Every structure is written in C-alpha cells, then in structure tokens.
Amino acid sequence: MNNDIEEILFDRDSIHQAAQRLGKQITEDYAGKRPLVLSVLKGAYLWTGDVIREIELYVNLEFIKISSYHGGVSSSNEIELVTDIRTDVAGRDVIILEDIVDTGQSLRFLKDLLADRGANSIRVATLLDKKGGRKIEIDADYVGFDVRNEFVVGYGLDYKDLYRNLPYVGILKKSIYTKD
Ligand code: PRP
Ligand code: MN
Ligand code: MG
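Keep in mind it's a predicted model, so treat the numbers as computed, not measured.

Trainee: Just to check I follow, could you spell out the overall build of the protein chain for this structure?
Mentor: Secondary structure summary: the protein chain contains four helices and nine strands in total. In sequence order, the protein chain lays out its α and β elements as β-α-β-α-β-β-β-α-β-β-β-β-α. Relative to the compact-globule value of 16 Å for 180 residues, the protein chain shows a C-alpha radius of gyration of 16 Å, a close match. Dimensions along the principal axes, computed over C-alpha positions, put the protein chain at roughly 50 × 35 × 25 Å. Burial status across the protein chain gives 49% buried among its 180 residues. Nonlocal contacts in the protein chain, meaning residues at least 24 apart in sequence, comprise 68% of its contacts between residues at least 6 apart.

Trainee: Can you walk me through unusual backbone geometry in this structure?
Mentor: Across the junction of Leu41 and Lys42, the peptide omega takes the value 0°, indicating a cis bond. As for its position among the elements, Lys42 is in the loop between β2 (36-41) and α2 (45-52). A positive phi angle, near 45°, is found at His70, a position not held by glycine. Topologically, His70 is positioned in the loop between β3 (60-67) and β4 (80-83). Of note, the phi angle at Asn77 is positive, near 70°, even though the residue is not glycine. Take Asn77: it is sitting in the loop between β3 and β4. With a relative accessible area of 40%, Asn77 lands in the partly exposed category.

Trainee: What am I meant to see in the site of ligand 1 here?
Mentor: Around ligand 1 lies a shell of 18 residues, among which Ser68, Tyr69, Glu98, Thr103 and Ser106 are the nearest. At a separation of 3.0 Å, an oxygen atom of ligand 1 approaches a polar side-chain atom of Arg164. Burial of ligand 1 by the protein chains amounts to 93% of its free accessible area of 500 Å². Mapped by element, the contributors of at least two residues to the shell around ligand 1 are β3, β5 (93-101) and α3 (105-116). If one sorts the elements of the shell around ligand 1 by residue count, β5 sits on top with four residues. Looking at the shell around ligand 1 residue by residue, the classes come out as five nonpolar, seven polar and six charged.

Trainee: Help me understand the nonpolar core, please; the structure alone is not making it clear to me.
Mentor: The nonpolar side chains of a soluble globular protein tend to be buried with one another. Core analysis: the largest hydrophobic core is formed by 25 residues, its most contacted members being Ile15, Ile26, Trp47, Leu127, Leu128, Val152 and Val169. Taken together, the elements giving at least two residues each to this core come down to α1 (12-29), α2, β5, β6 (121-129), β7 (142-146) and β9 (169-172). The dominant element in this core, judged by the number of residues it contributes, is α1, at five residues. Beyond its immediate sequence surroundings of up to four residues, Trp47 is in contact with Ile15, Ala18, Ala19, Leu22, Glu98, Ala125, Thr126, Leu127 and Tyr155. Core analysis: the second largest hydrophobic core is formed by 20 residues, Leu38, Leu110, Val124 and Ile138 among them.

Trainee: It is not clear to me how α1 should be interpreted in this structure. Could you clarify?
Mentor: Here α1 contains 18 residues, and its C-alpha end-to-end distance of 25 Å stays within 8% of the 26 Å for a straight helix at 1.5 Å per residue. Every buried residue of α1 is listed here: Ile15, Ala18, Ala19, Leu22, Gly23, Ile26 and Thr27. All buried residues of α1 fall inside an arc of 165° around its axis, so they share one side. In α1, the exposed residues that point more than 90 degrees away from the buried face are Asp13, Gln17 and Lys24. The secondary structure elements touched by the buried residues of α1 are β1 (5-10), α2, β5, β6, β7 and β9.

Trainee: Any chance you could explain the environment of Glu56 here in plain terms?
Mentor: As for its position among the elements, Glu56 is in the loop between α2 and β3. Sequence-wise, Glu56 and Ile85 are 29 residues apart; in three dimensions their C-alpha atoms are separated by 24 Å.

Trainee: Explain the pairing of β6 to me, please; I cannot follow it from the model alone.
Mentor: Most of β6 is tucked away: seven of the nine residues are buried. As defined by bridge partners, β5 adjoins β6 across eight bridges and the pair is classed as parallel. Across the sheet, the residue bridging to Ile100 is Leu128, located in β6. In this region the chain leaves β5, passes through α3 and returns to the parallel neighbour β6; the handedness of that crossover is right-handed.

Conventions adopted
- For every chain, the first residue of the written sequence is number 1, and numbering continues from 1 along that sequence.
- To label them, take the chains in the order written and letter them from A, then take the ligands in the order written and number them from 1.
- Where totals are concerned, whole chains, interfaces and linings use all residues; where local detail is concerned, this predicted model gives features only for residues with pLDDT of at least 70, and gives and counts side-chain atom pairs only at 80 or more.
- With hydrogens and water stripped out, all remaining heavy atoms of the structure feed into the side-chain values.
- A run of H or I in DSSP becomes a helix once it reaches four residues, and a run of E becomes a strand once it reaches two; helices and strands are each numbered from the N terminus.
- We take the radius of gyration over the C-alpha atoms and set the globule estimate at 2.2 Å times the residue count to the 0.38 power.
- For each residue, the accessible area found with a 1.4 Å probe, counting protein chains only, is set against the maximum for its type, and the residue is called buried under 20%, exposed over 50%, and partly exposed in between.
- We call two residues in contact when some of their heavy atoms are within 4.5 Å.
- Residues are counted as near a molecule or strand when any one of their heavy atoms sits within 4 Å of it.
- As used in this structure description, the phrase polar contact means that two N or O atoms lie within 3.5 Å; if the pair is within protein, one of them must be able to donate a hydrogen and the other to accept it, and residues adjacent in sequence are counted only when both atoms belong to side chains.
- Residue-level accessible areas treat just the shown protein chains as cover; the underlying method is Shrake-Rupley with a 1.4 Å probe.
- When residues are grouped by polarity, Ala, Val, Leu, Ile, Met, Phe, Trp, Tyr, Cys and Pro land in nonpolar, Asp, Glu, Lys and Arg in charged, and all others, Gly among them, in polar.
- The nonpolar core is taken to be a set of buried Ala, Val, Leu, Ile, Met, Phe, Trp, Tyr and Cys residues, with the residues joined through side-chain atoms within 4.5 Å.
- By this rule, a helix spans an expected 1.5 Å times one less than how many residues it contains.
- Picture the helix axis, draw a direction to every C-beta atom, and the arc is the one those directions span.
- A strand pair is defined by DSSP finding two or more bridges across the two strands.
- The definition of a right-handed crossover adopted here requires that, viewed with the strands pointing away, the path from the first strand over the helix to the second runs clockwise.

What follows is the structure in structure tokens.
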C-alpha cells in the first residue's frame with residue numbers, strides 16, 4: 001500500500017498539531033456555546049477523532065454520509081446524500097468537519113442543506129484545502145493545510161475506497177489510477 005504513494009505530504013504528527021491548533025481556535029470562538037459537530041463520512045472520520053479531542057467545550061457529535069467521487073479521482077458533480085442525520089439542526093451552531101474541500105460542491109450542498117433546516121451558524125473545519133480545485137466559490141473557516149492540486153489519499157481520503165487507513169496524507173502515484 002505504501003508503495004502506491006508518490007510523496008508523503010502530511011504525516012501523523014503534523015496532522016495532530018493541526019488538530020490541536022484548530023481545536024484551540026474553535027474552543028475560543030465557541031466559548032459559552034454548545035456546537036453541533038457534523039462529521040462528513042467517510043473521509044472525515046479520523047480527522048474528526050483528532051479534532052473533537054482538542055475542543056474543550058460541551059459538543060454534540062453527528063455523522064452525515066455524502067458521496068460525490070464514488071471512489072474515483074474526479075467529482076461526479078452530483079452529491080448523493082447517503083445517510084442523513086436525525087438531529088434537528090434548527091437554531092444550532094454547526095461545525096462541519098471535512099477531510100478536504102476540493103471543487104467545493106460537497107460543502108455547498110451541506111451548507112445549503114443546513115441553512116434550509118434553520119441552522120443558526122455554519123462553519124467548516126477541514127484538514128485539507130485544495131484551493132486550486134475549486135469549481136465554485138466557497139471557503140473553509142478553519143484549515144489544517146493548503147494542499148496542491150494533486151490527487152491525495154490517506155488519513156480518511158480514498159481511491160476506490162482504499163488507502164483511508166494510511167496514517168498520513170500522500171500523493172497517489174498516477175500509474176495507480178491511469179491503469180484502471
Ligand atoms: C470527498 C471528500 C469530501 C469531498 C470534497 O468525499 O471526502 O467530502 O469529496 O470534494 P469536493 O469539494 O470536490 O466536493 P467523497 O465523495 O469521495 O466521499 P467519501 O468521503 O466517502 O470518500
Ligand atoms: Mn467525503
Ligand atoms: Mg472519497
């Protein structure tokens with residue numbers, strides 16, 4: 001599995017440090033509030049575990065599952081809501097946890113959904129921000145790392161539902177996805 005990686009970009013330690021930095025900032029920004037942390041499956045599951053442990057507040061935790069890449073290297077441009085939450089978000093301060101913001105379409109979908117349901121505020125904390133991949137204008141509020149326009153896997157991010165368990169984020173060798 002490690003042989004399929006061209007270059008390691010962010011290792012476990014640096015990701016942990018990013019989680020600490022963001023968690024501290026979120027703790028300050030939401031002082032006195034009880035935010036609803038909304039983790040976006042599958043990609044954000046590891047990052048979620050890191051970040052929530054750095055937030056020193058009462059929080060609720062929910063998981064929503066959406067899909068647009070269907071395991072491939074490019075967005076289908078259509079977001080599928082695979083598993084919804086049951087919690088009422090009306091009046092809630094929602095912090096979306098994402099592993100990556102790329103085209104921005106998944107985030108747009110989620111923000112629209114939450115706004116429609118009456119969330120009081122919506123912010124986004126993402127491990128990776130691939131600004132060069134944007135198809136629509138949208139920004140994350142808390143960013144672990146900016147990442148260049150390469151297809152990356154690991155630490156939750158997949159190709160064909162694989163590589164999510166790599167303990168780092170790295171660039172997938174092009175030969176892996178051009179041969180398929
Ligand atoms: C990936 C990633 C983000 C989203 C970002 O999810 O985890 O959720 O795409 O891409 P975008 O900004 O271009 O919309 P994916 O659809 O691969 O589902 P997964 O998290 O289950 O892998
Ligand atoms: Mn995802
Ligand atoms: Mg994926």
